[in-house]
Amino acid sequence: MAAASPVVLAPKAFGALSHLVGTEDLDLSAGRKFNFNSDWSVKVGDVPDASNPDFDDSGWQIHTLPYAWNENDAFKVSIDELSTGIAWYRKRFKLPEACRNKKIFFECEGIRQAGTFYLNGKEIGLSENGVMAFGFDLTDLIKFGDEENVLAARIDNSWDYREKATNSRFQWNDKNFYANYGGINKNVYIHVTPKIYQTLPIYSNLGTTGVYVYANEFEIQHKKARINVASQIKNETDSDQKASLEVLVFDLEGKKIKTFSGDNVKVNAGNLAVLRANALINDLNFWSWGYGYLYTLQTNIIIDGKIVDTEFTKTGFRKTEFKDGMIYLNDRVIQVHGYAQRTTNEWPSIGLSVPAWLSDYSNGLMVEGNANLVRWMHVTPWKQDVESCDRVGLMQAMPAGDSEGDVKDRRWEQRKEVMRDAIIYNKNNPSIVFYECGNKGIMDSQMQEMKNIRDAYDPHGGRAIGAREMLASKVAEYGGEMLYIDKSATKPLWEMEYSRDEGLRKYWDNYTPPFHKDGDGPLYRGGPAKEYNRNMQSHAIEDVVRWFEYWKARPGTGKRVSSGGVNIVFADTNTHHRGAENYRCSGEVDAMRIKKQNFFANQVMWDGWVEVEKPSMHIIGHWNYKKGVEKDIYVVSSSPKVELFCNGKSLGFGQKSNEFLFTFESVRWKKGILEAKGYNEQKQVICSDKLMTIGEPHHLKLTEVKRPTAFVADGHDLALVEVEVVDENGHRCPTALNMIQFELEGPAEWKGGIAVGPNNYIGSQNLPVEGGVNRVLIRSKNKAGTINLTANSDNLQGAKLALNPQAISVTNGLSHYFASSELKPSLGRGATPNTPSYFISRIPVGVKSTKVAINENNAQNSYDDNEKTAWENDGKLSTAWIEYTLERPATIHQIDIKLNSFRTKSYPLQITVDGKVVFNGETEKCLGYNTLVCKPVSGSIVRIQLTGATQEGKDIIGEEVSGKVLGDGVKTLHANAKGSLSIIEVEFYELVKNK
């Protein structure tokens, strides 16, 4: 590599990046962990004798890890067509004589799917689960000084790979959910330690658990907590040792804020032991949503007053509780609103193996859009995304390994092993708040097995363990279905995959080129697939409609509440799809992380922990139509009233629906400015948004997307470049679809972008903008120098951009440069507010007793806080009633009722209070609860009666990808009878005056 202006890491304190000149000798004083990613030789195909250190690999391609050998397939082909097979990876390296008589470990954050590893011709181990980190002890086979070492790996990413010892498949190696980017697709490291050392948090192959940091005795208001450290150490010297643990705590600016020590512990030769220390620390900054405050803990093994080993752990401190159906973060209730994102979190032509800054960019966009949680789907995310969420302040739900469904054979044991490894590896990451044991419900006995693993390896981390569904579980600490509305007064329930609709960024609405009619697309499983071929306008509206159902059941609305839900997915993903494209287009951003209109809709609705705390608005669409166009205009706003203006003239107030959506019908386009203003109850303007008519396309504009770190010449880093078609004033032309021709010169590799068209334009240097914009990726090579990018388009002025990646220092295959070391935590939202996050809007009125004509023993099921039980009559209209005697006389204003077959059936109901009719109407099909607004009548006996036949209607959601039709209630004997009244849960409410 070039030696000019190199960048090396000097983590003597805790990992600051320094710009220093590299030397020929590896600097062991700079830390015990080394970057091992550079200069791997890669060959696709099964090559005989490739494990032999003398094998000639001079003709192989050279790559910097992480690198998936089939990366060029990403978004080019459907998930089930991603290339599979065998690939070999080989690395040559040297270790200095100073490493002799030390321990040498290899750490890999993960591969896909399985790999056999060799060092200097000897097999050193196997990893097969395709998800988690693993490691090997290289000490006995390593060579030192001028002798060269060769590490080789044979990687198999076959979809049908089977575990060698059992012949069992891995449940999550699935063609629908887990995109298959094969090879060593995550980071690798070398660790050099003394013979008595703090272990690595890697259980597979090494059987060790590393350092564990946790906090307790919280006093949030006083910024105080007790910090506890437990470090597992191993004594591989020839004699017993007495050792103690010293802990130094550094804040975000590198200032040491505390030093404390533990007692001496005898560590017998050849044995493991745990050293402990703790201290009460004042003036702490607690990790929070959008406030990724992190500390670095330096832990030293002390023997005879001397430091013999040092390790660094970056972590944050936060308090969590899960009770009363709600989630508490630092003593403040937070309702989940975020995304269920595929764990691969992939990019076109790259897959998952992006540099760390792009992980922060992508995950940071979720927080910018006011998401507070990401639920990674099916398998554990790689460490880079886990650490990224720490920095950007995004809570995580961490799965282990699953596809969709319960298993009880060897595959269940595999799931437990992955959960064990994942907990051990990620137990110090504060953003992980939930451990997910399955993408579908499991038995309570299985949940207890998983809970035992959590309690063994992370008993104090403040993380709830559960799974999808688990509504009636006595063991799970949280649950929630895929996309319904579940409420609870005990464990939190939040929905894990709502709003599964799809839509491309290319399509604004029916009136904008290329004039794609909303919903047009191929059939899905023989039926219309309108929901999966939306334009941006209808997709944004759908997001509002769906979120409204969770907002209605938010904390403060009763004793039983919803803890929210996550929208599937955040970024378009190379996984199973139902729309016209060969990848899933459900994202609020596209695959290049360009925002769609529904991004802004969620941003408006989610700007608060529970209640919206900062009013805002967004006009859906653009204002560049042709003369004569007349269309409805939609505004998403958290203000009570919205007024629309065109060129300063009021067009009136919008019709409000679903709390956040304001509709202005039949607005005629006029060139100029379209502005919306939001008003509070005092008629004051509290938010606004505006669109303006943009001029004709004039020239191209190239911009490197802002990054917080230098672009480096390591053969792996990526520059993200945005190309825009703009008018003569530099404003983006929102309807432009121009084809762009790119030229690239200098030490770089073209990776490109994505657009609708042949092969999705993957890898092509010619691709169009969509909505006036697109983006491309450019990869650095192992050489510094100027990179020149030129963009041209017919009849437009072109654009140029120069990039200058910096060299890094690599010595004999190892480096102290780490891509994430300069990434700073985001503190934009500030520390957890000390004000309440919600207000009480309704007072629940409990039930004392019931009266029914039939099935009296089950009547309590209709108000038992268990959505897996229900009361029903016998299917006859004459028995289709139930009376509730309230705990006290009350004026009932609203009734929340969850009826069986809520998604497909409507019920004509009459409700009386002490004999007076307070409601007479038909329930709506929904995703859970109908809120019935009642005429306010005071009384103590509420009677709910079916007045006619129930009405079957069109299902408001489609079938699952497997073809299975999702259930929408509880199995009962008379579900199909027209006179069936079946109530899962019912709640009675008084409204709070002057809330």
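It should be emphasised that the depicted structure is a prediction, and the values quoted were computed from it without experimental measurement. (Residues numbered from 1 in each chain as written. Predicted model: local features only at pLDDT ≥ 70, side-chain atom pairs only at ≥ 80, totals over all residues. Heavy atoms only, no water.)

**Points about the sheet that holds strand E7 (residues 103–108)**
- With antiparallel pairing, the 4 strands of this open sheet are ordered in space as E3-E12-E7-E10. Edge strands, defined here as strands with exactly one partner in the open sheet, are strand E3 (33–35) and strand E10 (134–137). Ignoring strand direction, the axes of neighbouring strands in this sheet form an average angle of 25°.
- Bridge count for E7 against E10 is 4 bridges, and the pairing is antiparallel. What sits directly across from glutamate 107, in E10, is glycine 135. (Pairing = 2+ DSSP bridges. Helix = DSSP H or I, 4+ residues; strand = E, 2+ residues; numbered from the N terminus. Axes fitted to C-alpha atoms, helices over the stretch in contact; angles between N-to-C directions.)

**A closer look at the environment of valine 629**
- By the element assignment, valine 629 lies in the loop between strand E32 (617–619) and strand E33 (630–637).
- The spacing of valine 629 and serine 78 is 551 residues in sequence and 38 Å in space, taken between C-alpha atoms.
- Once you skip the residues sitting within four places of it in the chain, valine 629 turns out to touch Tyr511, Val667, Arg668 and Trp669. (Contact = heavy atoms within 4.5 Å.)

**Focus: the packing of aromatic side chains**
- Applying the stated criterion to the full structure yields 44 aromatic pairs.
- Measuring from centroid to centroid gives 5.8 Å for phenylalanine 36 and tryptophan 40, while their planes differ by 85°, and the two rings are edge-to-face. Taken as a pair, phenylalanine 36 and tryptophan 40 share a single burial class, namely buried.
- Where tyrosine 498 meets tyrosine 550, the ring centres are 4.8 Å apart and the plane angle is 45°; that geometry is what we call tilted. Highlighted residues: tyrosine 498 in strand E30 (residues 495–498) and tyrosine 550 in helix H5 (residues 536–552), separated in sequence by 52 residues. Tyrosine 550 shares its class with tyrosine 498; the two are buried.
- One aromatic cluster is present, built from ring pairs that chain together Tyr339, Tyr498, Trp547, Tyr550, Phe570, Phe599, Phe600 and Trp606. (Phe/Tyr/Trp six-rings, centres within 6.5 Å; stacked < 30°, edge-to-face > 60°. Buried < 20%, exposed > 50% of the residue type's maximum accessible area, 1.4 Å probe, protein only.)

**Description of the pattern of salt bridges**
- Tallying each qualifying case throughout the model produces 65 salt bridges.
- Put simply, glutamate 770 and arginine 505 hold a salt bridge, and the shortest N to O gap is 4.0 Å. Taken together, the positions of glutamate 770 in the loop between strand E44 (766–768) and strand E45 (773–780) and arginine 505 in the loop between E30 and H5 put the pair 265 residues apart, joining distant regions of the chain.
- Across the salt bridge formed by glutamate 867 and arginine 560, the nearest N and O atoms sit 3.0 Å from each other. Placement of the pair is glutamate 867 in the loop between strand E49 (847–852) and strand E50 (871–872) and arginine 560 in the loop between H5 and strand E31 (564–568), with a sequence separation of 307 residues.
- Its relative accessible area of 6% is what places glutamate 867 among the buried residues. (Salt bridge = Lys/Arg side-chain N within 4 Å of Asp/Glu carboxyl O.)

**Digging into the confidence of the model for the chain**
- Residues at a pLDDT of 70 or more form 96% of the chain, whose mean pLDDT is 94.
- Low pLDDT, under 50, characterises residues 1–24; the stretch is placed with 69 contacts to residues that sit more than four places away or in other chains. (pLDDT = per-residue confidence, 0-100.)

**Observations regarding unusual backbone geometry**
- With omega at 0°, the peptide bond leading from leucine 65 into proline 66 counts as cis.
- Mapping proline 66 onto the fold places it in the loop between strand E5 (61–63) and strand E6 (86–93).
- With an omega of 5°, the peptide bond running from arginine 112 to glutamine 113 counts as cis.
- One can find glutamine 113 in the loop between E7 and strand E8 (114–119).
- At aspartate 331, a residue that is not glycine, the phi angle is positive and equals roughly 70°.
- Within the secondary structure, aspartate 331 sits in the loop between strand E23 (326–329) and strand E24 (332–333).

**Details of H5**
- Between its terminal C-alpha atoms H5 stretches 25 Å, which fits the 24 Å expected from 17 residues at 1.5 Å a residue.
- Counting buried residues in H5 gives 15 out of 17 residues, a clear majority hidden from the surface.
- Two to three positions downstream of the cap, the backbone nitrogen of glutamine 537 sits 3.1 Å from a side-chain oxygen, assigning the N-cap of H5 to asparagine 535. (Expected span 1.5 Å × (residues − 1). Polar contact = N/O pair within 3.5 Å; in protein donor to acceptor, adjacent residues only side chain to side chain.)

**Considerations on the sheet that holds E24**
- Reading across from one edge, E22-E23-E24 is the order of the 3 strands in this open sheet, with antiparallel pairing throughout. In this open sheet, the two edge strands, each paired with only one partner strand, are strand E22 (320–323) and E24.
- Examined bridge by bridge, E22 and E23 share 4 bridges and lie antiparallel to one another. Paired with lysine 323 across the strands is methionine 326, a residue of E23.

**Digging into the side chain of asparagine 180**
- Position of asparagine 180 among the secondary structure elements: in the loop between strand E11 (149–156) and strand E12 (188–193).
- Within the local environment of asparagine 180, its side chain forms a polar contact with the backbone oxygen of asparagine 157, the two atoms lying 2.7 Å apart.

**Points about the domain arrangement of the chain**
- Taken domain by domain, the chain consists of domain 1 (26–194), domain 2 (209–318), domain 3 (320–619), domain 4 (629–692), domain 5 (699–808) and domain 6 (842–991).
- Computed over C-alpha atoms, the centres of domain 2 and domain 5 are 45 Å apart. (Domains from an automatic or database assignment.)

**With respect to empty space enclosed by the protein**
- Under the defined criterion, the tally for this structure stands at 7 cavities of 30 Å³ or more.
- Of the pockets and cavities examined, the largest cavity occupies roughly 80 Å³.
- The wall of the largest cavity is formed by Leu504, Arg505, Lys506, Asp572, Tyr583, Asp590, Ala591, Ile754, Ala755, Val756 and Glu770.
- Among the domains, domain 3 (320–619) and domain 5 (699–808) are the pair contributing at least three residues each to the lining of the largest cavity. (1 Å grid on protein atoms, 1.4 Å probe; cavity = no way out; pocket = protein on both sides within 12 Å on 5 of 7 lines; lining within 4 Å. Points joined across faces, edges and corners; volume = space filled by probe spheres on them.)

**Looking at the nonpolar core**
- Ranked by size, the top nonpolar core spans 96 residues in total, and within it Trp347, Leu358, Phe434, Trp494, Val636 and Leu720 carry the most contacts.
- In this view, tryptophan 347 contacts Ala74, Phe75, Val354, Leu358, Tyr361, Ser362, Ala591, Met592, Arg593, Leu720 and Leu777; residues no more than four positions away in its chain are not counted.
- Membership of the second largest hydrophobic core comes to 36 residues, among which are Ala114, Val131, Ile442 and Val475. (Core = buried A, V, L, I, M, F, W, Y, C linked by side-chain atoms within 4.5 Å.)

**Focus on the environment of glutamate 856**
- Here glutamate 856 is to be found in the loop between E49 and E50.
- Accessibility expressed as a relative area gives 58% for glutamate 856, which makes it exposed.
- Sequence separation between glutamate 856 and glutamate 872 is 16 residues, and the spatial gap between their C-alpha atoms is 9.6 Å.

**Some remarks on helix H1 (residues 356–368)**
- Counted at 1.5 Å a residue, the expected span for H1 with its 13 residues is 18 Å, and the 18 Å between its end C-alpha atoms agrees.
- With 11 of 13 residues buried, H1 lies mostly within the body of the structure.
- Inspection of H1 places Ala356, Trp357, Leu358, Ser359, Asp360, Tyr361, Ser362, Asn363, Leu365, Met366 and Val367 among the buried residues, and these make up the whole buried set.
- If you follow the buried residues of H1, they end up packed against strand E25 (336–342), strand E26 (373–377), helix H2 (383–392), helix H6 (597–605), strand E41 (718–726) and E45.

**Regarding the pairing of strand E27 (residues 395–399)**
- In terms of residue burial, E27 counts as a mostly covered element, since 5 of its 5 residues are buried.
- Residue alternation in E27 divides its side chains into two sets, Met395, Ala397 and Pro399 and Gln396 and Met398, and both sets are buried.
- Here E26 pairs with E27 via 3 bridges, running parallel. Within E27, the residue paired with leucine 373 across the bridge is methionine 395.

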